[in-house]
Amino acid sequence: YSTNRVAISDAVFLNFSPVAWAPLTANSDHVHSGFVGEFAYNTSVARELLQGLGYSDTDGDGNLELEGNPLEIKVLVPSWGQLPQVAQILRDQWRTVGINLIIEPAPGLNSLIARIATGNYNLVAFDNFGVDPVLLNRMFVSTSPENLSQYVNDDFDSLLLRATVERDPRTRLSLYYQIQTTIM
């Protein structure tokens, strides 16, 4: 609720990139359209959710704290594409709800991998391009080096691999809907 995806699309991509409401691009035939608008920009809801977790602005500086610790999120940002611009907009948007986004530049893939290995981060900015949903395997199969979330689940891996080889279009679509629902 703290991310204005439409504003990012307008500012960075000049509205040539449709807003992604699910893990797959809106241009994919397999995108789960049930998530459109699900987490639309709404700073009031974002603040309420954070306050529900115990965060508050105890010193009036606009930044949220929990037990005296500021709400800081460190994001590793590679230098390719428009990721640095997107990160700057996210920092500005999240600041309005009291989140301090700390942008850590990672110039190049080797630098990014080295920083990921330290574990000293909360998020990794990364993008993949393509319309075939099999690209999700690179980000979510447990053994993939690009599984930056480090999510490990044998059942989910099986679902991803089944969808990859499924020949029936309806069944494949259903499998990718299940995958996106799990991710979201």
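Structure: see above.
Residues numbered from 1 in each chain as written. Predicted model: local features only at pLDDT ≥ 70, side-chain atom pairs only at ≥ 80, totals over all residues. Heavy atoms only, no water.

1. Details of the sheet that holds strand 3 (residues 72–78)
The condition that has to hold: Criterion used throughout: strands pair if DSSP finds at least two bridges between them. Helix numbering and strand numbering both begin at the N terminus, where a helix is a DSSP run of H or I of at least 4 residues and a strand a DSSP run of E of at least 2. Residues are treated as being in contact if the distance between any of their heavy atoms lies within 4.5 Å. Geometry is summarised by axes, namely lines fitted to C-alpha atoms with helices restricted to the contacting stretch, and by angles between N-to-C directions that run from 0 to 180 degrees.
With respect to topology, 3 strands assemble into an open sheet ordered 4-3-5, the strand pairing being parallel. Whereas interior strands pair on both sides, the edge strands pair on one side only; in this sheet they are strand 4 (100–106) and strand 5 (123–124). Two elements, strand 3 and strand 5, share 2 bridges in a ladder whose sense is parallel. Paired with Leu76 across the bridge in strand 5 is Val124. Its contacts with the sheet place helix 3 (residues 83–95) against strand 3, strand 4 and strand 5, and it is angled at close to 165° to strand 4.

2. Here's the deal with helix 2 (residues 43–52)
The cut-off we apply is this: For the exposure calls, accessible area comes from a 1.4 Å probe over protein chains only, and a residue counts as buried if that area is under 20% of its type's maximum, exposed if over 50%, partly exposed in between. The arc refers to the directions leading from the helix axis to the C-beta atoms. Two N or O atoms form a polar contact when they lie within 3.5 Å of each other; inside protein one atom must be a possible hydrogen donor and the other a possible acceptor, and for residues adjacent in sequence the pair counts only when both atoms belong to side chains.
The set of residues buried in helix 2 consists of Thr43, Ala46 and Leu50. Each buried residue of helix 2 lies within a common arc of 60° when the element is viewed along its axis, so the set occupies one face. Exposed residues pointing more than 90 degrees away from the buried face of helix 2 are listed as Glu48 and Gly52. One side-chain oxygen of the residue at the start of helix 2 lies 3.2 Å from the amide nitrogen of Ser44, identifying that residue as Asn42.

3. Remarks on the side chain of Glu65
To keep it simple, the criterion reads: For the purpose of counting charges, residues Lys and Arg are taken to be positive, whereas Asp and Glu are taken to be negative. His and the chain ends are not included. We count a salt bridge whenever a side-chain nitrogen from Lys or Arg sits within 4 Å of a carboxyl oxygen from Asp or Glu.
Inspection of the secondary structure assignment puts Glu65 in strand 1 (residues 65–66). Within the buried core, Glu65 has no salt-bridge partner, and the shortest N-O distance to an opposite charge, that of Arg95, equals 12 Å. With residues up to four places along the chain from it excluded, the contact list for Glu65 reads Gly54, Tyr55, Ser56, Asp57, Thr58, Asp59, Pro70 and Leu71.

4. Observations concerning the packing of aromatic side chains
The line we're drawing: The criterion for an aromatic pair is that two Phe, Tyr or Trp rings (for Trp, the six-membered ring) have centres within 6.5 Å, with stacked assigned to planes under 30 degrees apart, edge-to-face to planes over 60 apart and tilted to the rest.
Evaluation of the coordinates by the stated rule reveals 4 aromatic pairs. Ring geometry for Tyr1 against Phe39: centres 5.7 Å apart, planes inclined by 65°, an arrangement best described as edge-to-face. In this pair, Tyr1 is assigned in the segment before helix 1 (5–13) and Phe39 in the loop between helix 1 and helix 2, connecting sequence segments 38 residues apart. According to the relative accessible area criterion, Phe39 is partly exposed, its value standing at 27%. Residues Phe140 and Phe156 carry aromatic rings whose centres are separated by 6.3 Å and whose planes lie at 85° to one another, so their mutual orientation is edge-to-face.

Treat this as a map of the structure, not an account of what it does.
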